[in-house]
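# Examination of the molecular architecture
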Amino acid sequence: MEIKGYNIDIIRPEVQHSQIKYNRGKEMTRERLKKIKQALLTFHNLENMAANVYRFQICKRNSDEINTEIIAAMLNEMGHIEDFQVKLYEFGFKPSIMMYAYQIVGMFLGIISRIRGEKGIRAMGVWVESKAVSHYDELLEKVEWDDETRKVIEKDQADEYGHIRRWKNEL
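Every chain is numbered on its own, with residues counted from 1 as its sequence reads. Two thresholds apply to this predicted model, a pLDDT of at least 70 for residue-level local features and 80 or more for giving and counting side-chain atom pairs, whereas whole-chain, interface and lining totals are computed over all residues. Excluding hydrogens and water, the side-chain figures rest on all heavy atoms present in the structure.

Runs of H or I in DSSP of at least four residues are treated as helices and runs of E of at least two as strands, each being numbered from the N terminus. Per the secondary structure count, the chain includes 5 helices and 2 strands. In the chain, the order of α-helices and β-strands from amino to carboxyl end is β-β-α-α-α-α-α. Computation of the radius of gyration draws on C-alpha atoms, with the globule rule given as 2.2 Å multiplied by the number of residues to the power 0.38. Compactness check: the chain gives a C-alpha radius of gyration of 16 Å against a globular reference of 16 Å for 171 residues, within 12% of the reference. Its C-alpha atoms give the chain principal-axis dimensions of roughly 55 × 35 × 30 Å. The rule is simple: take the accessible area with a 1.4 Å probe, protein chains only, and divide by the maximum for that residue type; under 20% is buried, over 50% is exposed, in between is partly exposed. Within the chain, the fraction of its 171 residues that count as buried is 46%. Accessible surface is estimated by sampling points in the Shrake-Rupley manner with a 1.4 Å probe; for residues, cover comes only from the protein chains shown. With the model as given, the accessible surface of the chain reaches about 9,600 Å², and the carbon-plus-sulfur share is 54%.

So, in structure tokens, the structure goes:
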């Protein structure tokens, strides 16, 4: 399935060694780098939360079908975490200690939705991914990204749209 020109059936796109570039922002202004850092930290923290939502939704009483969907979504979110962690390091930044707070929030949201059953799991998936899409829209518009980073963000956003579509279709 394609969304916004990206094949979202590919859960973890290939990354070539030549695509990694340290000191990516060396010719950017301090103000631009500040916006990029804040946006990357936001993406990284929220993807940590989303991955933990899915991680804590998996349980034996779920159907095989929904557990398979949860695992696929979790794997995809883990790829997003890696995408943003790499980008943080490429720009010379580091992840925030706040990511652990987001992981805890994700854990609670995952457990609460799991308790509510499969419908609660799907509804939480729609809610979490809808929030992610709005953050992606806002930060893609507000921040002046380099082309390579923009493409990574747009692909990750397309994945989020795909998650919404899948969870809504199952509701």
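Having put the structure on the table, let's press on.
Here, the term nonpolar core denotes a set of buried Ala, Val, Leu, Ile, Met, Phe, Trp, Tyr and Cys residues that are joined through side-chain atoms within 4.5 Å. One finds I36, L40, F43, F91, W145 and I153 to be the most contacted residues of the largest nonpolar core, which totals 18 residues. Counting residues per element, the ones that place at least two in this core are α1 (30-55), α2 (64-90) and α4 (117-142). Considering each element in turn, this core owes the most residues, 6 residues, to α1. Only heavy atoms matter for contacts: two residues are in contact if any of them lie within 4.5 Å across the pair. When residues no more than four places from it in sequence are discounted, the contact partners of W145 are R32, I36, A39, L40, F43, L139, L140, R150 and I153.

Here we come to the packing of α1 against helix α3 (residues 99-115). For the pair α1 and α3, interaxial distance at closest approach is 7 Å and the crossing angle is 30°. Overall, the two elements α1 and α3 adopt an arrangement that is roughly parallel. Considering only the axes of α1 and α3, their crossing is right-handed. Contact residues: H44, N45, L46, N48, M49, N52 and V53 in α1; M99, Y102, Q103, I104, V105, G106, M107, L109 and G110 in α3. Each residue gets one label: Ala, Val, Leu, Ile, Met, Phe, Trp, Tyr, Cys and Pro are nonpolar, Asp, Glu, Lys and Arg are charged, and the others, such as Gly, are polar. Among the residues forming the contact of α1 with α3, the class breakdown is 9 nonpolar, 7 polar and no charged. Fitted lines through C-alpha atoms give the axes, limited to the stretch in contact for helices. The angle between two N-to-C directions lies from 0 to 180 degrees. Angular relationships are summarised with four words: roughly parallel below 35 degrees, roughly antiparallel beyond 145, roughly perpendicular across 65 to 115, and oblique for the angles in between. For any pair of crossing helices, the crossing counts as left-handed if the nearer helix is rotated counterclockwise from the farther one by less than a right angle, and right-handed if it is rotated clockwise.

Aromatic rings from Phe, Tyr and Trp, taking only the six-membered ring of Trp, are treated as a pair when their centres fall within 6.5 Å; an angle between ring planes under 30 degrees marks them as stacked, one over 60 as edge-to-face, and anything in between as tilted. The tally for this structure, following the rule as stated, stands at 6 aromatic pairs. Arranged with centres 4.8 Å apart and planes meeting at 20°, the rings of F43 and F84 form a pair that is stacked. Within this pair, whereas F43 is found in helix α1, its partner F84 is found in helix α2, the two being separated by 41 residues in sequence. Neither F43 nor F84 differs from the other in exposure class; each is buried.

When the charged atoms of two side chains lie near each other, side chains of opposite charge can form a pair. The rule for a salt bridge is simple: a side-chain nitrogen of Lys or Arg has to be within 4 Å of a carboxyl oxygen of Asp or Glu. This model, assessed by the stated rule, comprises 13 salt bridges. Its salt-bridge partner being D9, residue R166 comes within 3.2 Å of it at the nearest N-O pair. You can see R166 sitting in helix α5 (residues 147-170) and its partner D9 sitting in the loop between β2 (6-7) and α1, a full 157 residues away along the chain. Judged by relative accessible area, which is 46%, D9 ranks as partly exposed. Of the charged contacts, one joins R24 and E148 as a salt bridge, the two residues approaching to 3.3 Å between their closest N and O atoms. Separated by 124 residues along the polypeptide, R24 in the loop between β2 and α1 and E148 in helix α5 bring together distant segments of the chain. With a relative accessible area of 37%, E148 lands in the partly exposed category. Here the residues in one salt-bridge network are K21, R24, K87, E90, D146 and E148, joined through shared partners.

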